[in-house]
Amino acid sequence: MFGEMELNKNLKSVNLPQRLASGFTALTNEMTGADYKPVLFCGTQVVKGMNYYLICVQTLITNPVIKKLVKMTLNESPDGAFSVVSIERM
């Protein structure tokens, strides 16, 4: 499609810190309709707990399959529970 970004087919998953990797996997395994692959760990923000900022390849389970880049924000609460704050298309 004219004007639409074509993703680099060679994007590789990034190795996340262990605690974040566990939280990311647990959260994304619960989601239906899309798969997520982290390709960039951008940083953190201290809030009530910790926010983590990731760039991910989102694969929508459609026919045909649609792949997009998204910014995903995850929060780890003070008690260690992870939640999705936002998923925004880029």
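Reading the values: rules and limits
- Residues numbered from 1 in each chain as written.
- Predicted model: local features only at pLDDT ≥ 70, side-chain atom pairs only at ≥ 80, totals over all residues.
- Heavy atoms only, no water.
- Pairing = 2+ DSSP bridges.
- Helix = DSSP H or I, 4+ residues; strand = E, 2+ residues; numbered from the N terminus.
- Axes fitted to C-alpha atoms, helices over the stretch in contact; angles between N-to-C directions.
- Expected span 1.5 Å × (residues − 1).
- Buried < 20%, exposed > 50% of the residue type's maximum accessible area, 1.4 Å probe, protein only.
- Arc of directions from axis to C-beta.

Visitor: What is the right way to read the sheet that holds strand β2 (residues 49–60) from this model?
Guide: Strand pairing in a sheet takes place through backbone hydrogen bonds and is either antiparallel or parallel in direction. Across the sheet, which stays open at both edges, the four strands sit in the order β1-β2-β3-β4 with antiparallel pairing between neighbours. The open sheet terminates on both sides in strands that have one partner only, identified here as β1 (34–47) and β4 (82–89). On average, each strand axis in the sheet is tilted by 25° relative to the strand beside it, whichever way the strands run. When β1 meets β2, the two strands line up antiparallel, connected through 12 bridges. Bridging across to β2, Thr-44 finds its partner in Tyr-52.

Visitor: Would you take a moment to explain helix α1 (residues 18–30) for this structure?
Guide: Because an α-helix completes one turn every 3.6 residues, residues spaced three or four positions apart along the sequence face the same direction. The first and last C-alpha atoms of α1 sit 19 Å apart over 13 residues, in line with the 18 Å expected at 1.5 Å per residue. Of the positions making up α1, those classed as buried are Leu-20, Gly-23, Phe-24, Leu-27 and Thr-28. Viewed end-on, α1 has its buried residues packed into an arc of 115°, placing them on one side of the element. Opposite the packed face of α1, turned more than 90 degrees from it, sit the exposed residues Gln-18, Asn-29 and Glu-30.

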